[in-house]
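Coordinate inspection notes
Read off the chains here:
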Amino acid sequence: MNRINGWIFDVYADEQGLVVWVIDTAGVAHQLRDTVAPSFFVFGSHADLHAVCVMLSAAHLPVRLRRAERHDLFLRRDLTLLEVQVLRPLLFASIFARVRTFRPALTYYNADLSPAQFYYFEKGLFPLAYCEIQTNAAGWINALEVKDSCWDLEYRLPPLRTMSVRLAGQAANPTHEFRGELEIHTEDRVCVLDTSDPRELLRTLNRLLQKYDPDLLISEYGDSFILPQLIQLANRYGMHLPLNRDPKQAPLSRQAYSYASYGRIVYRSASHLLFGRWHIDLHNAFRMGDYWLDGIFELARLTGLNVQKVARTSTGTGISAIEAATAYRRKILIPYYKREAEDFKSAGELILTDKGGLTYRPIVGLHENVAEIDFVSMYPFIMAKFNISPETINCPCCHNSVVPDIGYSICTHQRGLIPESLEPLVAKRIRYKLGAKELAAGPRQEIYRQRSQAIKGLLVTCFGYTGYKNARFGKIEAHEAITAYGRAVLIQAKEIVEDHGFDVLHLLIDSLWIKKRNSHDDEYPPLLAEITEKTGVPIALEGVYDWVAFLPAREHEKIGVPNRYFGVFRNGAIKTRGIELRRGDTAPWIKAVQQQAIDVLSVAHTRKEFFDQVPQVIDLIRERLAELRAQQVDYHDLALTYRLTRDPQAYRHNTLNAVVARQLSQRGVHLHPGESIRYVITDAQARDPHARARPVDLMDASYGYDVEKYAELLLRAMATILQPAGIDQEQIEQKVAQTPTQPWVWQIPLDWFAPVNPCKSAKAD
DNA sequence: AAAGTACGGGG
DNA sequence: GTGTACGTACTTT
């Protein structure tokens with residue numbers, strides 16, 4: 001008998017049951033065995049269920065069939081169903097598929113969970129859990145004790161050996177390129193392998209894998225390019241390539257696909273998962289809040305999804321898995337797919353309920369001494385506090401019409417599935433945030449930040465998921481109730497701050513920007529405490545701005561645009577939203593100059609000082625434009641990045657994007673919706689559309705860039721920044737043309753607090 | 001003028 | 001395997 005103390009590394013099904021990889025405290029990987037017999041459930045007429053039983057028995061499949069009683073959340077009652085227990089976990093998906101093909105119209109439950117998930121549920125386990133394990137001589141697990149909790153802030157992780165693989169000397173997507181050298185990093189050295197000699201390449205790689213036996217293979221474009229290339233080469237030359245640690249398995253590849261998410265198309269390249277070893281592609285990892293391994297490990301522990309999977313899927317899948325785990329624990333049926341229609345609503349109700357988050361247009365202009373106050377995790381907090389869940393909204397037992405505006409009722413008898421899943425997550429995130437504040441800046445704090453970001457991703461999608469028609473536990477009425485509470489809470493906060501004499505300059509879903517003449521920073525803590533107390537939802541001070549500029553719409557200088565502003569806090573920190581430098585489609589050089597301009601303005605503490613800085617910004621623009629005109633700017637810094645929303649041939653207009661996408665297509669680069677392109681504008685006015693822009697990957701320094709086009713883009717970005725000073729693009733151009741900037745009088749905008757008859761102009765030196 | 005196309009958020 | 005909705009900015013036709 002063997003004892004192993006270590007961390008659960010990977011779990012998957014194979015012919016003999018389950019493979020459980022454990023890494024012990026010395027860093028040694030153990031391939032252990034166990035098994036699980038998961039069940040799915042079928043609901044339907046007696047005759048249909050009988051037919052399913054007959055079919056399964058006749059096929060001699062390894063199943064155990066029985067009658068079971070389980071609760072359906074949406075029907076709100078216990079059902080009598082057929083339980084199909086699959087004795088060999090590897091066959092779970094195929095046996096389910098067979099039944100579903102046989103009787104597609106029946107209702108299925110617990111059918112789309114993986115064997116690993118069932119195993120984790122049954123054993124109270126999760127990925128990377130620390131355990132004490134006893135096995136027999138053949139590696140079968142006899143006893144397993146979990147010595148870890150996924151709710152702990154402090155936990156140890158296994159010592160991991162890491163190897164990374166990338167193509168030498170380039171950051172661009174290699175499907176846009178056609179050759180390269182392979183760079184392999186291990187802990188103590190870097191190998192550069194020439195791809196022109198595939199046999200030697202494979203031999204060396206083979207040796208490195210054997211010698212270092214990495215737990216984690218980190219790649220750049222390994223999913224889309226490097227791993228498929230290597231596997232293809234190994235097949236062509238009939239050579240062995242031990243990418244997997246489990247010698248019986250071939251790497252699991254998954255087709256590339258495009259899907260819509262966050263209102264845009266995302267391209268997921270093919271993925272290559274390994275067995276007994278993790279492969280994570282830096283460029284194919286889903287990282288909502290810019291976290292990396294520490295965030296991914298936290299997600300794996302919390303969601304119960306394996307590391308390689310959680311690294312690649314959206315947080316929606318993660319929150320869905322957490323909800324499924326809660327349901328499993330409570331013996332609630334987990335719907336196979338969502339088929340709930342919205343409850344009937346009259347037209348009038350639709351208008352009321354469909355409003356979403358509350359937004360006011362900001363009061364345009366440059367404002368001094370503005371406080372920004374934000375509700376903390378507003379929607380998740382509302383869901384947890386007010387017990388909002390698909391089964392608690394308009395439940396049959398309660399008629400309290402408590403939801404503001406829309407009058408839905410919420411169950412007071414039973415804790416909802418979503419609140420129950422959410423509450424510990426909200427609490428853990430707060431503990432991480434508080435913990436990070438107490439820690440000194442350093443690696444530990446960075447780990448806390450990443451984990452907190454990862455949980456934030458779960459919380460944000462949890463709200464969105466309630467309104468998503470295909471979510472397992474989604475229900476649009478729950479979504480509406482959340483936003484209705486959100487609006488009520490925000491309005492309440494607005495009234496409270498106004499009672500204290502503040503003006504609300506801007507208001508956006510869970511944030512308010514407020515100011516009062518001669519307000520003092522000491523006023524905010526009691527104000528926040530009062531709002532928190534009266535609304536029941538915690539609110540915090542994001543900061544007090546020395547100045548903040550709310551920008552108008554381009555077409556109407558008096559009409560503000562939500563979430564388009566820039567400002568400087570008391571501590572000197574700059575915050576910008578919606579302006580060019582925040583956008584992914586702005587050239588890096590334009591972003592950099594806009595940032596420099598804001599840096600120049602950020603030394604100002606008042607409106608007056610802001611205006612005083614304007615001539616310096618003009619000087620900056622003049623210098624940068626001179627560099628541009630002298631063709632001194634590196635073309636990489638002028639590259640525009642765009643995400644394609646359709647196939648290159650499907651574009652109807654000759655936009656630069658379409659032109660570039662087709663150029664790449666002609667060069668054999670197959671682009672899909674959701675993939676990005678990068679290009680430089682070479683001659684925007686050219687007759688021949690193809691001469692207008694050039695993909696960065698097909699560019700070199702011999703191609704010039706379109707000076708006037710980039711000058712125009714720069715001036716536009718600068719006009720955004722100087723608009724609050726009352727200066728438009730034309731004035732900027734005029735001033736830039738004069739050297740040096742001469743004393744200058746222009747009409748500055750009125751102060752929000754200014755008397756009716758203000759002085760009309762100011763002089764800046 | 002109308003239609004087509006893309007971005008935002010988080011830090 | 002997959003969060004929605006929508007306002008804004010800009011280009012092409």
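Residues numbered from 1 in each chain as written. Chains lettered and ligands numbered in written order. Predicted model: local features only at pLDDT ≥ 70, side-chain atom pairs only at ≥ 80, totals over all residues. Heavy atoms only, no water.

**Observations regarding the overall build of chain A**
Along chain A, the regular secondary structure elements total 19 helices and 30 strands. Its C-alpha radius of gyration of 30 Å places chain A within 12% of the 27 Å reference for a compact globule of 765 residues. Referenced to the eigenvectors of the C-alpha coordinate spread, the extents of chain A come out at roughly 90 × 75 × 55 Å. Each of the 765 residues in chain A was classed as buried or not, and the buried ones make up 52%. Sequence separation of 24 or more characterises 66% of the internal contacts of chain A that already satisfy a separation of 6 or more. Just so you have it, chain A exposes about 34,700 Å², and 51% of that area is on carbon and sulfur atoms. Both charge centroids of chain A, one from 90 positive and one from 89 negative side chains, sit 5 Å from each other. (Helix = DSSP H or I, 4+ residues; strand = E, 2+ residues; numbered from the N terminus. Rg over C-alpha atoms; globule rule 2.2 N^0.38 Å. Buried < 20%, exposed > 50% of the residue type's maximum accessible area, 1.4 Å probe, protein only. Contact = heavy atoms within 4.5 Å. Areas by Shrake-Rupley, 256 points an atom, 1.4 Å probe, with all protein chains shown as cover. Lys, Arg positive; Asp, Glu negative; His and termini not counted. Charge placed at Lys NZ, Arg CZ, Asp CG, Glu CD.)

**Topic: the domain arrangement of chain A**
Examined at the domain level, chain A breaks down into domain 1 (39-112) and domain 2 (162-284). Taking only C-alpha atoms, the centre of domain 1 and the centre of domain 2 are 39 Å apart. (Domains from an automatic or database assignment.)

**What about the protein's contact with DNA strand B?**
Around DNA strand B there are 20 residues in total, and Gly 584, Thr 645, Arg 646, Tyr 651 and Arg 652 lie nearest to it. Expressed as a percentage, the sugar and phosphate content of the atoms of DNA strand B within 4 Å of the protein is 76%. Side-chain polar atom of Arg 582 to a base oxygen of DNA strand B: 3.0 Å apart, as the coordinates give it. Elements with a minimum of two residues in the surface near DNA strand B: helix 12 (443-466) and strand 26 (640-643). Among the residues forming the surface near DNA strand B, the class breakdown is four nonpolar, seven polar and nine charged. (Near = heavy atom within 4 Å. Polar contact = N/O pair within 3.5 Å; in protein donor to acceptor, adjacent residues only side chain to side chain. Nonpolar A, V, L, I, M, F, W, Y, C, P; charged D, E, K, R; others polar.)

**Digging into the sheet that holds strand 10 (residues 162-167)**
Taken in spatial order, the five strands make up an open sheet running 12-11-10-13-18, and their pairing is mixed. Each having just a single partner strand, strand 12 (190-194) and strand 18 (278-281) make up the two edges of the open sheet. When strand polarity is set aside, the average angle formed by the axes of neighbouring strands in this sheet is 20°. Across five bridges, strand 11 (residues 181-185) lies against strand 12 in antiparallel orientation. In the sheet register, Glu 183 faces strand 12, and the bridge partner there is Val 192. Packed onto the sheet, helix 4 (residues 198-212) meets strand 10, strand 11 and strand 12 and runs at close to 155° relative to strand 12. (Pairing = 2+ DSSP bridges. Axes fitted to C-alpha atoms, helices over the stretch in contact; angles between N-to-C directions.)

**Some details on helix 11 (residues 417-438)**
Since the α-helix packs 3.6 residues into each turn, any two residues three or four apart lie on the same face. Between its first and last C-alpha atoms helix 11 spans 33 Å; for 22 residues at 1.5 Å apiece the expected length is 32 Å, and the two agree. Turning to helix 11, its buried residues are Leu 417, Ile 418, Pro 419, Ser 421, Leu 422, Leu 425, Val 426, Lys 428, Arg 429, Tyr 432, Gly 435 and Ala 436. Against the buried residues of helix 11 lie helix 6 (293-303), helix 8 (315-329), helix 10 (378-385) and helix 12. (Expected span 1.5 Å × (residues − 1).)

**Regarding the sheet that holds strand 5 (residues 63-72)**
Picture the strands of a sheet paired through backbone hydrogen bonds; they go either parallel or antiparallel. Ordered in space as 5-6-4-7, the four strands form an open sheet in which the pairing is antiparallel. Single-partner strands in this sheet number two, and they are strand 5 and strand 7 (107-109). Each strand of the sheet is rotated relative to its neighbour by a mean of 30°, with strand direction disregarded. For strand 4 (residues 39-43) and strand 7, the ladder comprises three bridges, and the chain directions are antiparallel. The residue bridging Phe 43 from the neighbouring strand is Thr 107, located in strand 7. In this fold helix 2 (residues 92-102) packs onto strand 4, strand 5, strand 6 (77-86) and strand 7, with an angle of close to 10° to the strand it touches most, strand 4.

**Quick notes on the pairing of strand 1 (residues 2-14)**
Among the 13 residues of strand 1, 10 are classified as buried, and the element is accordingly described as predominantly covered. Where strand 1 meets strand 8 (residues 130-135), six bridges bridge the pair, whose relative direction is antiparallel. Looking at the pairing, Trp 7 lines up with Tyr 130 of strand 8. The pairing of strand 1 with strand 2 (residues 17-24) spans eight bridges and is antiparallel. Within the sheet, the bridge partner assigned to Ala 13 lies in strand 2 and is Leu 18. Linkage of strand 1 to strand 2, two consecutive antiparallel strands, is achieved through a turn of two residues.

**So, a negative patch on the surface**
The grouping of Glu 557, Asp 728, Glu 730 and Glu 733 at the surface amounts to a negative patch. Summarising the element assignment, Glu 730 is placed in helix 19 (residues 729-737). The exposed category is assigned to Glu 730, whose relative accessible area is 56%. (Patch = residues over 30% accessible without salt bridge, like charges linked within 9 Å, V, L, I, M, F, W, Y side chains within 5 Å. Salt bridge = Lys/Arg side-chain N within 4 Å of Asp/Glu carboxyl O.)

**Observations concerning the confidence of the model for chain A**
Per-residue pLDDT for chain A averages 88, and the proportion of residues at 70 or more is 93%. At the low end of the mean pLDDT range in chain A sits strand 30 (residues 762-764), at 34; at the high end sits strand 8, at 98. Confidence drops under pLDDT 50 across residues 338-354; counting only partners more than four residues distant or on other chains, this segment forms 27 contacts. Counting contacts from residues 756-765, a segment whose pLDDT is below 50, to residues more than four positions away or on other chains yields 18 contacts. (pLDDT = per-residue confidence, 0-100.)

**Considering helix 6**
In terms of burial, helix 6 is a largely internal element, 11 of the 11 residues being buried. Along helix 6, the positions that sit buried rather than exposed are Leu 293, Asp 294, Gly 295, Ile 296, Phe 297, Glu 298, Leu 299, Ala 300, Arg 301, Leu 302 and Thr 303. Tucked inside the fold, the buried residues of helix 6 contact strand 13 (216-219), strand 18, helix 7 (307-312), helix 8, helix 11 and helix 12. At the C-terminal side of helix 6, Gly 304 shows a positive phi close to 75°.

**Quick look at the packing of aromatic side chains**
When we look at a pair of aromatic rings, we describe it by the centre distance and by the angle of the planes. Inspection of every chain in the model, using the stated rule, returns 25 aromatic pairs. With a centroid separation of 5.9 Å and 40° between ring planes, the pair formed by Phe 502 and Tyr 524 is classed as tilted. Placement of the pair is Phe 502 in the loop between helix 13 (476-499) and strand 21 (503-508) and Tyr 524 in helix 14 (residues 524-535), with a sequence separation of 22 residues. One aromatic cluster is present, built from ring pairs that chain together Phe 40, Phe 92, Phe 96, Tyr 108, Phe 118, Phe 121, Tyr 328 and Tyr 336. Note that Lys 385 overlies the ring of Phe 386, its terminal NZ or CZ placed 5.9 Å from the centroid. Residue placement shows Arg 646 over the ring face of Tyr 651; its charged tip is 5.4 Å from the ring centre. (Phe/Tyr/Trp six-rings, centres within 6.5 Å; stacked < 30°, edge-to-face > 60°. Lys NZ or Arg CZ within 6 Å of the ring centre and 35° of its normal.)

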